[in-house]
Every structure is written in C-alpha cells, then in structure tokens.
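Residues per chain, in single letters:
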Amino acid sequence: MRQGNFERSMEQNSDIGFSGKNRLRDSERPSEMELPSLEGVHESQAEQADWRYDDSERVTEELPQIDEDYDAGGYSEGKEDSGRIREMSYEEKVAKQEKELSDVESGVKPFDRDNTHEVGNYGEMKADQDLRGRGYERISKDMVTDIDESGHRGTDGVYFNPNGHPQYLVGDAKYGSASLNLNTKDGKQMSENWIDQRLDKDLGKEKADELRMEKILNPDNVGACVIHVQEDGKVTYDRLDDAANVIEKDVKF
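In this text, all values refer to a predicted model and were calculated from it rather than measured experimentally.

Glancing now at the pattern of salt bridges. Scanning the entire structure with this criterion turns up 23 salt bridges. We note a salt bridge from D130 to R134, for which the minimum N-O separation is 2.7 Å. Classification of D130 by relative accessible area gives partly exposed; the value is 22%. Between D172 and K174 there is a salt bridge, with the nearest N and O atoms lying 3.1 Å from each other. D172 sits in the buried class, given a relative accessible area of 2%. Given a relative accessible area of 11%, K174 falls into the buried group. Through salt bridges with shared partners, a single ionic network connects D196, D200, K205, D209 and R212.

Attention now goes to unusual backbone geometry. For the bond running from H165 to P166, omega is 5°, close enough to zero to count as cis. Mapped onto the elements, P166 comes out in the loop between β4 (157-160) and β5 (168-175). Even without being a glycine, D142 presents a positive backbone phi close to 60°. Here D142 lies in the loop between β3 (137-138) and β4. Exposure remark for D142: the relative accessible area of 39% places this residue in the partly exposed category. Residues other than glycine seldom take positive phi values, yet D250 does so here, at roughly 50°. Take D250: it is sitting in the segment after β8 (246-248).

Criteria and thresholds
- Residues numbered from 1 in each chain as written.
- Predicted model: local features only at pLDDT ≥ 70, side-chain atom pairs only at ≥ 80, totals over all residues.
- Heavy atoms only, no water.
- Salt bridge = Lys/Arg side-chain N within 4 Å of Asp/Glu carboxyl O.
- Buried < 20%, exposed > 50% of the residue type's maximum accessible area, 1.4 Å probe, protein only.
- Helix = DSSP H or I, 4+ residues; strand = E, 2+ residues; numbered from the N terminus.

Structure (structure tokens):
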C-alpha cells in the first residue's frame, strides 16, 4: 500500500470500533445518566462496620460481663449477679442449715410439728448436723437448708467419713414415731434395691458407681441406717441389712 493510501486508511479507521461499527462522535453521544446517590448506603455500611469491629465500647456493651463469683458449680440459690444466682458452696449451705436449725429450735422461726412436710425437713437437717459432728460429710445433692423447702425424692442423705466405720453411710431420717415404707415399687424403703435405684440421682453416675464398687469390694465399708430424730432433737441410729431389716439398734457411728 502506498504511503498516501495508508494515511487515508488510518484516518477512516479512527471512526471505526473494534467490531467494525462506526464509533459515535462526541456530538452524537447521549448525555451521561445520573446515578443514584450512595451516600446514605455508604454511611449505613460504615456504621455497621464501625459497630462490629471498631467501636470497642459498643461491642463491650453487647457482651456479657465476667462474673468473678461464677465457678464450675454454676449458679443456683445464694448470690445474685447480672440476673444469675451462683450456687452456694458446701460450707455456705452448712452455715445456712445451722442458722435455720438454730432459728427453728429457738422459736425465732415457726415450726409446725403436725406438718409432715416440715418435720421431714427438720429431721433431715438434724441428721446432717449430727453426722457432721461425727465426722461424716454429706456427699449427696439437695441438702435441705430451710424448714419450708419443697423437699425431694430419694435417699435422705449419703455421707462419707474416711475414718468412719463404715466410711460410706446411706441414711433415711424419721421424725418421732415415723417408720420405713414397706411397699414401694422398688421394694421396701432403704432395701438394697431401693437405694440402688436412687443413687445415680442423689450422687451423680460417677460417684454412685464408686459407691457400688466399694460395696462389692469392701461390703463392710458401706452401711445403711434409719436415723431417728426425736422431738427434743436427740438423734439415734439403727443399722439395717440389705433387706432393710434392723440388725442393730442405737449404733454409735
């Protein structure tokens, strides 16, 4: 191609696009469309990003505060914090129970001795108190600390004393002339089967299995008894065999 023809060809191609169609000259171009303002959207997104990542104060307000009183025991009756209630320690429960017994026995707190519910709670608290004085620690759950508590089903108490004879003691407290229930769906109250059906709930599976194994390996190290609580507060013990028959009265643990 001659030089003159090449220049004319380049001039013509300046108005042709890559697809071969004519380009629009500037005078033929439509005016640019107005785009909607994104100002509000950007501010909203910025706010969200700021709230989630940069605003430490706002993030802190959304997070639960650390409760220094909380422990692995969780929360139950006792001390409140941020709407939750921390479970009382064993020592706190003992102190509360001791005060309740003192208030009941001194007349500060009313005690209806004709109310089976209240006398049951009183009997169980006196059993705990007396066995503490003999070196036994309650290892079962649901310690009664109030004469008006709703009570619970199961054994009245499972206790442990490393120097005791026996070391493990399962007890059922009876106030006044009350006696064991002879006919339950699990057999006689405080019989071996009756106790076994309640150990998991009273102790938790792991501790219950430890006690079961101890009874197999060292049967004399696990005992059962009826704990008699008299109206004057005196506490006595009757030892039971596996059929819940009394085999020894007024035992001195």
